[in-house]
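Structural overview for review
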Amino acid sequence: MDSNTDIRDLARRIRIHSVKMTHRARSSHIGGCLSMAELLAVLYGRILRISPQTVDDPDRDRMILSKGHGCAALYAALAECGFFPVDWLESYCDNGARLAGHVTCGAPGVEVSTGSLGHGLSMAGGLALAGKRDRRPYRVFAILSDGECDEGSTWEAALFAPHHRLDNLVAIVDYNKIQSLGSVKEVLDLEPLAEKWSAFGWAVREIDGHDVDAVEEALANVPFEPGKPSCLVAHTVKGKGVSFMEGKLLWHYRTPQNEEYDMAIAELETRP
Ligand SMILES: Cc1ncc(C[n+]2csc(CCOP(=O)(O)OP(=O)(O)O)c2C)c(N)n1
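Our subject in this report is the structure included herewith. (Residues numbered from 1 in each chain as written. Predicted model: local features only at pLDDT ≥ 70, side-chain atom pairs only at ≥ 80, totals over all residues. Heavy atoms only, no water.)

Observations regarding helix α5 (residues 120-133)
The first and last C-alpha atoms of α5 sit 20 Å apart over 14 residues, in line with the 20 Å expected at 1.5 Å per residue. Inspection of α5 places Gly120, Leu121, Ala124, Gly125, Ala128, Leu129 and Gly131 among the buried residues, and these make up the whole buried set. In a view along the axis of α5, the buried residues occupy a sector of 165 degrees, so they form one face of it. Among the structural elements, β1 (62-65), β2 (140-145), α6 (152-163), β3 (169-175) and α8 (193-199) are those in contact with the buried residues of α5. Two residues or fewer after α5 comes Arg135, characterised by a positive phi angle close to 55 degrees. (Helix = DSSP H or I, 4+ residues; strand = E, 2+ residues; numbered from the N terminus. Expected span 1.5 Å × (residues − 1). Buried < 20%, exposed > 50% of the residue type's maximum accessible area, 1.4 Å probe, protein only. Arc of directions from axis to C-beta. Contact = heavy atoms within 4.5 Å.)

Some words on the sheet that holds β1
Ordered by their spatial adjacency, 5 strands build an open sheet running β1-β2-β3-β5-β4, and the pairing between neighbours is parallel. The sheet is open, and its two borders are formed by β1 and β4 (203-208), each paired with just one other strand. Direction aside, the axes of adjacent strands within the sheet are offset by 20 degrees on average. Looking at chain direction, β2 and β3 are connected through 6 bridges and run parallel. Across the sheet, residue Ile143 finds its bridge partner in β3, namely Ile172. Across the sheet, α5 lies against β1, β2 and β3, angled at about 170 degrees from β2, the strand it touches most. (Pairing = 2+ DSSP bridges. Axes fitted to C-alpha atoms, helices over the stretch in contact; angles between N-to-C directions.)

With respect to the site of the ligand
Around the ligand there are 15 residues in total, and His69, Gly115, Ser145, Asp146 and Lys238 lie nearest to it. A distance of 2.8 Å separates a nitrogen atom of the ligand from a polar backbone atom of Gly115. Leu117 is positioned with one of its backbone polar atoms (N or O) 3.0 Å from a nitrogen atom of the ligand. For the ligand, whose unbound accessible area comes to 590 Å², protein coverage reaches 76%. Here the residues of the shell around the ligand are counted per class, giving 2 nonpolar, 10 polar and 3 charged. (Near = heavy atom within 4 Å. Polar contact = N/O pair within 3.5 Å; in protein donor to acceptor, adjacent residues only side chain to side chain. Areas by Shrake-Rupley, 256 points an atom, 1.4 Å probe, with all protein chains shown as cover. Nonpolar A, V, L, I, M, F, W, Y, C, P; charged D, E, K, R; others polar.)

Observations regarding the pairing of β1
Of the two faces of β1, the one carrying Arg62 and Ile64 and the one carrying Met63 and Leu65 are both buried. As paired strands, β1 and β2 are joined by 4 bridges and run parallel to one another. Pairing of Met63 across the sheet is with Phe141, part of β2.

Brief notes about the nonpolar core
Ranked by size, the top nonpolar core spans 61 residues in total, and within it Leu40, Leu43, Tyr44, Met63, Tyr75, Phe141 and Leu219 carry the most contacts. Examining the composition of this core, we find that 9 residues originate from one element, helix α4 (residues 71-80), more than from any other. With 28 residues, the next largest nonpolar core counts Ala128, Trp155, Leu169 and Leu193 among its residues. (Core = buried A, V, L, I, M, F, W, Y, C linked by side-chain atoms within 4.5 Å.)

Digging into the side chain of His252
In this structure, His252 sits in the loop between β5 (230-235) and α10 (258-270). Residue contacts for His252: discarding those within four places in its chain leaves Ser28, His29, Ile30, His69, Gln179, Ser180 and Lys238.

Focus on α10
For α10, with 13 residues, the first-to-last C-alpha span of 19 Å sits near the 18 Å given by 1.5 Å per residue. Within the sequence span of α10, burial applies to Glu260, Tyr261, Ala264, Ile265, Glu267 and Leu268. Looking straight down α10, one finds its buried side chains confined to an arc of 165 degrees; they lie on one side. More than 90 degrees from the buried face of α10, the exposed residues found are Asn258, Glu259 and Thr270.

Some remarks on the pattern of salt bridges
Taken as a whole and judged by the stated rule, the model has 16 salt bridges. The partner of Lys132 in a salt bridge is Asp167, with the nearest N and O atoms 2.5 Å apart. Of this pair, Lys132 sits in helix α5 while Asp167 sits in the loop between α6 and β3; the two residues are 35 residues apart in sequence, bridging distant segments of the chain. The exposure class of Lys132 is partly exposed, given its relative accessible area of 35%. (Salt bridge = Lys/Arg side-chain N within 4 Å of Asp/Glu carboxyl O.)

Let's talk about the packing of aromatic side chains
Going through the model one piece at a time under the given rule, you end up with 7 aromatic pairs. Judged by centre distance (4.9 Å) and plane angle (50 degrees), the ring pair of Trp155 and Phe200 falls under tilted. Note that Trp155 is positioned in helix α6 and Phe200 in the loop between α8 and β4, a separation of 45 residues in sequence. Exposure remark for Trp155: the relative accessible area of 16% places this residue in the buried category. Looking at Phe200, the relative accessible area reads 30%, which means it is partly exposed. (Phe/Tyr/Trp six-rings, centres within 6.5 Å; stacked < 30°, edge-to-face > 60°.)

Structure representation (structure tokens):
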């Protein structure tokens, strides 16, 4: 058993919960939950200096899921890591439940509400600047979607962070190449994406976002350069882990139903 078997298993459980939650709630966004399972597993399992006991500690690391429509995966990661009971996941999207259909403050471990895309990096930059000014040791991580890299507010934050030398800030782009109504290439091509972040003054690394060893090695070594914010461009596959969802635009909005649900769960439970 290699050292990251537990993290791969956490990623698998995040995927299984996400499929179950999306099916039960008849909701959307399963593809973008599945693409970032390893990113969340490595962050919560290995990297973040936060635990259920330190959610209010001023020195805790902050993690902002800027692509807030992927909340099922975040809630699953938090539940699996003990921030709240796993059975809360069954109330996902219920009227009045704490686990609403976009990331919502109120669930233990959630820092800020997100879901209106394009705001997460600005909030993360503000928290990182406050940390520097208050001489606090915490780091701020933000997971962005590639769709958010079409938004002006993201690039405003991208300008701001190097200007303030925020080397306590890490942007992780879940680069799954598919948005809600088309591929990134068709909607608004981002290439060369890593070079763009680099030109804005970030220290950038590119990895396979499903390779937990590579994700851990990168995130354990932030800042990538002293004095600069770090950007990790994580190449991922939308729908990863469920073969009939992988790379398919359909699974941005479609709810897995009946036999689709059974097939997805069976594959996630048995695939190595
Ligand atoms: C400001 C804003 N505009 C539109 C939407 C509706 N919306 C939900 S998800 C999405 C895009 C999905 O693609 P991407 O952002 O790349 O996410 P991922 O593929 O990682 O799920 C859009 C436009 C939104 N949530 N916020």
